[in-house]
Amino acid sequence: VFIKDLHFDEVPVRIYLPRVPSASKRRGVIFFHGGCGIFGSIRSYERICRYIARKSDSVVVSVGYHLSPEHKYPAQTLDCLTATVHFLKTAESYGVDPDRIIACGDSAGGTYTTSVCQELVNRKDIPKIRAQVLIYPFLQALNFNLPSHQKNAFTAFLSRESAVHFILKYLNKDCSMKEAILAGSHVPESMNLKYRKWINPDLIPEIFKLGYKPPLPTSFLPQVHEETKELFETRLSPLLAEDAVVCCLPDTCLITCEHDVLRDDGLLYKKRLEDNNVKVTWYHMKEGFHCALGFFGYGIFSFPSSSKIMNHIVNFVK
């Protein structure tokens with residue numbers, strides 16, 4: 001694989017081009033790394049991107065979006081959007097078929113993938129994204145009491161508490177609001193009623209609800225709501241996008257992990273996509289956990305689920 005560092009409209013990217021000449025134009029994969037919008041880099045995802053390029057014979061573009069808090073939200077989503085539009089417009093100069101570009105990301109990168117695909121549904125001036133790959137994405141900040149939040153509240157790598165802590169850090173907010181958000185006190189009753197049709201433990205299949213206890217009702221705190229309004233934007237909570245947007249989304253590969261607080265975000269989005277007739281290929285990793293992909297390729301430190309996730313991504317891309 002040839003590796004080149006470039007800028008797409010001032011956004012740093014690293015391109016992985018298979019060395020073997022190709023008779024026809026290749027497919028492209030634009031990759032957004034995870035890390036809560038605060039950590040992670042092109043370099044830390046080098047192994048993963050190189051593997052996808054080599055095994056799927058695709059041109060991979062890894063996006064080095066600017067991190068929070070130095071670059072305030074939504075700079076990260078906007079960088080990902082800018083890089084994607086640039087790639088869609090210039091794909092042919094990298095030997096890529098512009099109609100075969102896939103957006104892909106893990107964790108917060110999955111949030112950016114979802115958000116970019118949603119923001120591009122109405123663009124007529126550029127080619128359509130062919131598919132999206134969402135690896136244990138974060139998709140909503142309304143309800144932190146879903147069955148997977150309870151079951152995996154203290155799981156390593158991403159506990160329920162640290163998920164909210166990182167979101168507040170990412171948005172440059174006061175972390176003392178964490179308890180109120182965990183309890184759901186940031187959501188007015190009208191909003192809970194409005195979004196109940198999409199974010200609701202009743203929509204989670206029974207098999208995933210063993211031991212689930214509905215949380216006690218909490219009182220709404222208007223000042224916390226005012227301070228955290230960004231949590232309800234579709235850029236941060238893409239699960240809140242209207243059906244008119246969701247029904248236009250590309251084919252989707254969705255990977256969820258059993259030992260992950262964010263598991264149910266993925267399950268709820270899967271249902272929404274399917275309800276809107278979007279084709280979904282779903283893989284559920286029974287032994288998987290949040291961040292599993294990050295261990296890929298580290299020899300004895302790698303996990304079976306890390307390789308399984310990678311192979312699912314490659315097979316879907318192919």
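The preceding data block contains the structure.
These notes cover the structure that comes with them. Everything numeric in this text was worked out from a predicted model, so none of it was measured.

Some points on the environment of Arg14
For Arg14, the position within the fold is in strand E2 (residues 11-17). When the C-alpha atoms of Arg14 and Ile3 are compared, they prove to be 6.8 Å apart, with 11 residues separating the residues in sequence. The contact partners of Arg14, leaving out residues within four places of it in the chain, are Ile3, Lys4, Asp5, Ile42, Arg43, Glu46, Val60, Val61 and Ser62. In terms of polar contacts, Arg14 uses its side chain to reach the side chain of Glu46, at 2.6 Å.

Description of the state of the cysteines
Evaluation of the coordinates by the stated rule reveals 0 disulfides. Cysteine Cys257 remains unbridged, with the sulfur of Cys291 as its closest cysteine sulfur at 9.7 Å. Residue Cys257 is classed as buried on the basis of its relative accessible area of 0%.

Observations concerning the environment of Thr84
Tracing the backbone through its elements, the reader meets Thr84 in helix H2 (residues 75-90). By relative accessible area, which is 1% here, Thr84 ends up buried. Here the alpha-carbon distance between Thr84 and Val63, two residues 21 residues apart in the chain, equals 8.9 Å. Those residues in contact with Thr84 that lie beyond four places of it in its chain are Ile30, Phe32, Val116, Leu120 and Ile129. Within the structure, the side chain of Thr84 is placed 2.6 Å from the backbone oxygen of Cys80, a separation counted as a polar contact.

Re the pattern of salt bridges
In this structure the tally under the stated criterion is 20 salt bridges. Between Lys209 and Glu206 there is a salt bridge whose closest N-O contact spans 3.4 Å. Note that Glu287 is salt-bridged to Lys308, the shortest N-O span being 2.9 Å. Of this pair, Glu287 sits in strand E8 (residues 280-289) while Lys308 sits in helix H11 (residues 304-317), placing them 21 residues apart in sequence. Each of Asp5, Arg14, Glu46 and Arg50 takes part in a single network of salt bridges with overlapping partners.

A few points about unusual backbone geometry
In this model, Ser68 is joined to Pro69 through a cis peptide bond whose omega is 0°. Unlike most non-glycine residues, Glu10 shows phi in positive territory, near 75°. Tracing the sequence through the fold places Glu10 in the loop between strand E1 (2-8) and E2. One non-glycine residue, Phe157, adopts positive backbone phi at about 75°. Inspection of the secondary structure puts Phe157 in the loop between helix H4 (147-151) and helix H5 (160-170).

Notes on the packing of H2 against helix H3 (residues 108-119)
Following both chains from N to C, one finds H2 and H3 inclined at 60°, their axes separated by 9 Å at the closest point. Here H2 lies oblique to H3, going by the angle between them. Note that H2 runs across H3; the crossing there is right-handed. Contacts between H2 and H3 involve Gln76, Thr77, Cys80, Leu81 and Thr84 on the former and, on the latter, Tyr112, Ser115, Val116 and Glu119.

Cut-offs applied
Residues numbered from 1 in each chain as written. Predicted model: local features only at pLDDT ≥ 70, side-chain atom pairs only at ≥ 80, totals over all residues. Heavy atoms only, no water. Helix = DSSP H or I, 4+ residues; strand = E, 2+ residues; numbered from the N terminus. Contact = heavy atoms within 4.5 Å. Polar contact = N/O pair within 3.5 Å; in protein donor to acceptor, adjacent residues only side chain to side chain. Disulfide = S-S within 2.5 Å. Buried < 20%, exposed > 50% of the residue type's maximum accessible area, 1.4 Å probe, protein only. Salt bridge = Lys/Arg side-chain N within 4 Å of Asp/Glu carboxyl O. Axes fitted to C-alpha atoms, helices over the stretch in contact; angles between N-to-C directions. Parallel < 35°, antiparallel > 145°, perpendicular 65-115°, else oblique. Left-handed = near helix turned anticlockwise from the far one by under 90°.

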